[in-house]
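# What the coordinates show
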Amino acid sequence: MNAPFTPPAPVTLSLPVDGMTCASCVVRVERALTAVPGVTSATVNLATERAEVLSAAPIDRAALVAAVDRVGYTVPSQTVDIAIEGMTCASCVARVERALTAVPGVVSANVNLATERATVTGTADAALLQNAVETVGYGARLVQASAAGDAEGAARKQAEEALLRRDLLIAATLSLPVLALEMGSHLFAPIHHLIMTTIGMQTSWVLQFVLTSLVLLGPGRRFYLKGYPALWRLAPDMNSLVAVGTTAAFAYSVVATFLPGLLPPGTVNVYFEAAAVIVTLILLGRFLEARAKGRTSQAISRLVGLQPRMARVHRGDTVVEVPIAEVRTGDLLDLRPGERVPVDGEVTAGDSWIDESMITGEPAPVAKAAGAAVTGGTVNQTGALTFRATAVGEATMLAQIIRMVEAAQGGKLPIQGLVDRITLWFVPVVMGLAALTFAVWLIFGPDPALTFGLVNAVAVLIIACPCAMGLATPTSIMVGTGRGAELGVLFRKGEALQALQSVRVVALDKTGTLTAGKPALTDLILAPGYDRAGVLALVASVEARSEHPIARAIVAAAAAEELTLPVVTDFASETGFGVTAMAGGVPVQIGADRYMARMGLDVAPFSEEAACLGAEGKSPLYAAIDGRLAAMLAVADPVKPTTPAAIRALHDLGLKVAMITGDNARTAQAIARQLGIDEIVAEVLPGGKVEAIQRLRRDHGPLAFVGDGINDAPALAEADVGLAIGTGTDIAIEAADVVLMSGRLTGVPDAIALSRATMGNIRQNLFWAFVYNAALIPVAAGTLYPAFGILLSPVFAAGAMALSSVFVLGNALCLRRFQPTQTNGETA
């Protein structure tokens, strides 16, 4: 019988893209990448300046780079470090270098025999470089590729910001005299008189020409180098608008200055100050944008910065300090007080407390001793530890968190699709409106009609930049998901941000989600004459012989109180009744009420307490010592300390809360009453959870499901949004859209509130971007002039355009101040 066909797993490639300035750039890059044979989909993010390309099979990275180049943008070179194993001489070095240089997209490859490292620069895919080395017979391992990439990206953004700052200062220095000469002459009679009696108007115009030429050919050159080629490709963008607008103002002014006879009488005016100041103001907007973009990605930078560069590793009988990249799984590492944990591991010796707040969002340090797990990036507090590395490099929890946040920040929400469709046609429409404005003023406008037409057409071109539209969604996603990571709420998919704000009901698994997930001794009620320690020690010593979960809970309670257990003999179990044994020479019986009745013991003294326990869904047990009823015990899976606050917070958000559990109905109802849960679905199998979710969705609307176990994976996948408790199983986490790293249930209302805040922020940004353009394009075109005599100067248009992008970015950054719905309280 043939094996069933398994489709190949999709391949994802990530490319940095330089040169994008607005939403129309994003759409063009996406279309170019999607047109490459084999590409299934492409998502481009303006804020992160990255493209995520999905294909059904491996695809040539060089083809993607060429596609980006063809539409006028660039994929910058990146540096990849590769650890090479097996080199012994200079010929090995030459062989590896030749293999690496032959990979398409490699600009340079430098191999060092002493360090056994290769440093490769270019646009080639890191996996192809690794494969090329292995093909010629050597071992290859990528060294912290993501961290290197982050460092390169940060350096590139810093260089861009420095260049913009320099160009802005040059443009401002050259533009101020132009503005003073022209606008000062118009606004202040003494300045006009001074110019006319000293250098004269013609000389003033020539001086303005020289200064403006320096502005346009120097700092403003970028707009023309990108804007006009885009226009020739019939794909105009924001640079095209600036290039055409400033060129029109500059060219008209040049004619007025040097060939005034070509212009109709009364139209000889210059607009050098408009061209120069427009470039300066737009550079100011770009500079502020670059600074704000850097702040939007600070969450990733902080996460990357959590990992130390060096680690102290046991090598034989000594401890040596080695780079983090050289730590291997299974290595023993030493950790001193105050240091960050370098990699994930398991403590083998020592006691300490570790601050895990940057991973889980929990403020309280966590005790660590032999057998405890430690996470890379967390901070050791007081003690010294020795631990064995269990995960290194890209396998650590910190690396996985960074990948999750990067994936969420690079995602595109459904709402962005509408923006992309609009902005694709926005620039051509604006250019058409500018031409129409010029024609209407030229034909119907008052004298000087040509001047009015030029000024208003330029104002339309400059004010209608789609930068704000392109930044409105991705910047909010970046800041929102980054803030979530700081709070221990990881959005594995950006789409979950949009979906989570719409949920109307939250369904919760019980065991491990609402409750701690393991039975514990919750009640020990003593008969007169008995003390807790003595009874618990005798009962635990007998139960230590049993493997039942209830027995283990009682033994764990005794261990927690550091009780010494007496020797047990003659242990026997009576199915359906209980257990009996001699403990420390004293007969002890533990079991249900019917066991006590068979022994002739009356449990009536505990009847009131037993009724209360039953109402809480707990089943009481009784202990008899030396033939006398000594105590009543109850073992249950206790509710997490933060669960009641989480349920209240969900209700405060206007949500219905349901519990879906495989546990018995009586226990489920008791917990639901205790917590105020609205709806209960009990005694269901894993498949039944999926059916319960479908029914709840039909009854109440979009649904989020919260779970932690393997049996929750189908329900997490079925829900509109699945939230996995981060302390749960890997399978549950993989099936979820959102991961709550701390295990606190209060992370659920935090995630929903953050989703609502982020989507509200996006709607504010889009409203500003669209309404701003819709309102000001008619003003720029001069529609207010007939009634009010108001015209919008191109200089003010440039300022308003720059302000729109800065407003959107500043509004997105407000999400950094988002506070969770509940204080952290106790850890669960």
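Not measured: the values here are computed from a predicted model.

Attention shifts here to the overall build of the protein chain. When helices and strands are counted, the protein chain shows 30 helices and 29 strands. Taken over 828 residues, the protein chain has a buried fraction of 51%. Counting only contacts in the protein chain whose residues sit at least 6 apart along the sequence, the fraction spanning at least 24 positions is 69%.

Any two packed helices are characterised by the angle at which their axes cross and by the distance between the axes. Orientation of helix 15 (residues 449-463) relative to helix 28 (residues 747-781), taken along the N-to-C sense of each, is 165 degrees, at an axis distance of 8 Å. Classified by the angle between their axes, helix 15 and helix 28 sit roughly antiparallel to one another. Here helix 15 runs over helix 28; the crossing is right-handed. Contact residues: helix 15 offers N456, A459, V460 and I463, while helix 28 offers Y772, N773, L776, I777, A780 and A781. Grouping the amino acids of the contact of helix 15 with helix 28 by side-chain chemistry returns 8 nonpolar, 2 polar and no charged.

Of all 9 residues making up strand 24 (residues 628-636), 8 are buried, and the element is well covered by its neighbours. Bridge count for strand 19 (residues 520-526) against strand 24 is 6 bridges, and the pairing is antiparallel. For A520, the partnering residue across the bridge sits in strand 24 and is A636. Here strand 23 (residues 620-625) pairs with strand 24 via 6 bridges, running antiparallel. Each bridged residue has a counterpart across the sheet, and for P620 the counterpart in strand 24 is A634.

Among the secondary structure elements, N811 is positioned in helix 30 (residues 794-813). By relative accessible area, which is 13% here, N811 ends up buried. The spacing of N811 and I762 is 49 residues in sequence and 9.0 Å in space, taken between C-alpha atoms. Once you skip the residues sitting within four places of it in the chain, N811 turns out to touch N761, Q764 and N765. Within the structure, N811 has its side chain in polar contact with the side chain of Q764 (distance 3.1 Å).

Our focus in this paragraph is helix 15. Owing to its 3.6 residues per turn, the α-helix aligns residues three or four sequence positions apart on the same side. Over its 15 residues, helix 15 runs 21 Å from end to end, which matches the ideal 21 Å to within 8%, given 1.5 Å per residue. Across the 15 residues that make up helix 15, a large majority, 15, are buried.

Below, the discussion takes up the confidence of the model for the protein chain. A low pLDDT means the predicted coordinates there should not be read in detail. Averaged over all residues, the pLDDT of the protein chain equals 82, while 88% of them reach at least 70. Segment residues 1-7: pLDDT under 50, and 0 contacts once partners within four positions in sequence are set aside and those in other chains are kept.

Turning our eyes to something else, we now look at the sheet that holds strand 2 (residues 39-45). Taking strand neighbours across the sheet as the criterion, the 3 strands line up as 1-3-2 in an open arrangement whose pairing is antiparallel. Sheet topology places strand 1 (11-16) and strand 2 at the edges, where each strand pairs with a single neighbour. Neighbour to neighbour, the strand axes of the sheet diverge by 15 degrees on average, direction disregarded. Contacts from helix 1 (residues 23-34) reach strand 1, strand 2 and strand 3 (50-55), with the element oriented near 160 degrees to strand 2. Docked against the sheet, helix 2 (residues 61-70) engages strand 1, strand 2 and strand 3, running at close to 45 degrees with respect to strand 1.

This paragraph deals with the environment of T642. Its place among the elements puts T642 in the loop between strand 24 and helix 23 (643-652). Note on T642: relative accessible area 5%, which makes it buried. Counting along the chain gives 103 residues from T642 to L745, while the straight-line C-alpha distance between them is 6.4 Å.

Our focus in this paragraph is the nonpolar core. Side chains of a nonpolar character, in soluble globular proteins, are inclined to be buried together. Within the largest apolar cluster, 132 residues are counted, with the highest numbers of intra-cluster contacts made by L33 and L723. With 14 residues, helix 28 is the single largest residue contributor to this core. Other than its neighbours up to four places away in sequence, L723 contacts L500, A704, F705, V706, G707, L716, A736, V738, L740, V748 and A751. Core analysis: the second largest hydrophobic core is formed by 38 residues, A581, A610, A624 and I625 among them.

Moving on: the UniProt feature "transmembrane region" (unreviewed entry) in the protein chain. The feature "transmembrane region" (unreviewed entry), as annotated in UniProt, sits at residues 194-217, 238-258, 270-288, 422-444, 450-473, 766-788 and 794-815 in this numbering. Regarding residues 194-217, the helix share stands at 88% and the strand share at 0%, and the terminal C-alpha atoms are separated by 30 Å. Structurally, residues 794-815 is divided into 91% helix and 0% strand, and its ends, taken at the C-alpha atoms, are 33 Å apart.

Along its 35 residues, helix 28 runs 50 Å from first to last C-alpha, staying within 8% of the 51 Å computed at 1.5 Å per residue. At the C-terminal side of helix 28, G782 shows a positive phi close to 95 degrees.

Below, the discussion takes up the sheet that holds strand 20 (residues 568-574). Taken together, 6 strands build an open sheet; the order of strands is 19-24-23-22-21-20 and the sheet is antiparallel. Of all strands in the sheet, those bounded by a partner on one side alone are strand 19 and strand 20. Averaged over neighbouring strand pairs, the angle between their axes works out to 20 degrees when direction is ignored. In this sheet, strand 23 lies alongside strand 22 (residues 586-591) in antiparallel orientation, the contact comprising 4 bridges. When the bridges of strand 23 are listed, G591 appears paired with Y622. Running at roughly 10 degrees to strand 24, helix 22 (residues 607-615) makes contact with strand 19, strand 23 and strand 24 of the sheet.

So, about the pattern of salt bridges. Under the counting rule described, the total for this entry stands at 12 salt bridges. Across the pair E561 and R532 runs a salt bridge, and its minimum N-O distance is 2.8 Å. With a gap of 29 residues between them, E561 in the loop between helix 20 (549-560) and strand 20 and R532 in helix 19 (residues 532-543) connect regions that are remote in the sequence. Because the salt bridges share partners, they merge into one network encompassing R166, D167 and R222.

A few words now on the packing of helix 19 against helix 20. Orientation of helix 19 relative to helix 20, taken along the N-to-C sense of each, is 135 degrees, at an axis distance of 8 Å. When the axes of helix 19 and helix 20 are compared, the pair comes out oblique. For helix 19 against helix 20, the interelement crossing comes out left-handed. Listed contacts from helix 20 to L536, V539, A540 and E543 of helix 19 are A551, I554, V555, A557 and A558. Tallied by class, the residues present in the contact of helix 19 with helix 20 amount to 8 nonpolar, no polar and 1 charged.

Attention now goes to the packing of aromatic side chains. Here the structure, examined in full by the defined rule, presents 12 aromatic pairs. Seen from their ring centres, Y224 and Y228 are 6.3 Å apart, and the 20 degrees between their planes marks the pair as stacked. Linking Y224 with Y228, this pair stays in helix 8 (residues 221-232), spanning 4 residues, or about one helical turn. The pair formed by Y224 and Y228 is uniform in burial state, with each residue classed as buried. Centroid distance F452 to Y785: 5.4 Å. Interplanar angle 50 degrees. Geometry classified as tilted. Separated by 333 residues along the polypeptide, F452 in helix 15 and Y785 in helix 29 (residues 785-788) bring together distant segments of the chain. Put simply, the rings of F209, F250, F258 and F272 touch in pairs and so form one group of aromatic residues. In this structure, R594 is placed above the aromatic ring of F577, and the distance from its NZ or CZ to the ring centre is 5.9 Å. A cation over an aromatic ring shows up here: R598 above the ring of F577, its NZ or CZ 4.5 Å from the ring centre.

Turning our eyes to something else, we now look at the side chain of Q208. Inspection of the secondary structure assignment puts Q208 in helix 7 (residues 201-217). Given the relative accessible area of 0%, Q208 is considered buried. With sequence-adjacent residues up to four places away left out, Q208 is seen in contact with V178, L181, E182, V270 and F272.

Cut-offs and rules
Residues numbered from 1 in each chain as written. Predicted model: local features only at pLDDT ≥ 70, side-chain atom pairs only at ≥ 80, totals over all residues. Heavy atoms only, no water. Helix = DSSP H or I, 4+ residues; strand = E, 2+ residues; numbered from the N terminus. Buried < 20%, exposed > 50% of the residue type's maximum accessible area, 1.4 Å probe, protein only. Contact = heavy atoms within 4.5 Å. Axes fitted to C-alpha atoms, helices over the stretch in contact; angles between N-to-C directions. Parallel < 35°, antiparallel > 145°, perpendicular 65-115°, else oblique. Left-handed = near helix turned anticlockwise from the far one by under 90°. Nonpolar A, V, L, I, M, F, W, Y, C, P; charged D, E, K, R; others polar. Pairing = 2+ DSSP bridges. Polar contact = N/O pair within 3.5 Å; in protein donor to acceptor, adjacent residues only side chain to side chain. Expected span 1.5 Å × (residues − 1). pLDDT = per-residue confidence, 0-100. Core = buried A, V, L, I, M, F, W, Y, C linked by side-chain atoms within 4.5 Å. UniProt positions renumbered as here; feature names shortened; annotations may be inferred. Salt bridge = Lys/Arg side-chain N within 4 Å of Asp/Glu carboxyl O. Phe/Tyr/Trp six-rings, centres within 6.5 Å; stacked < 30°, edge-to-face > 60°. Lys NZ or Arg CZ within 6 Å of the ring centre and 35° of its normal.

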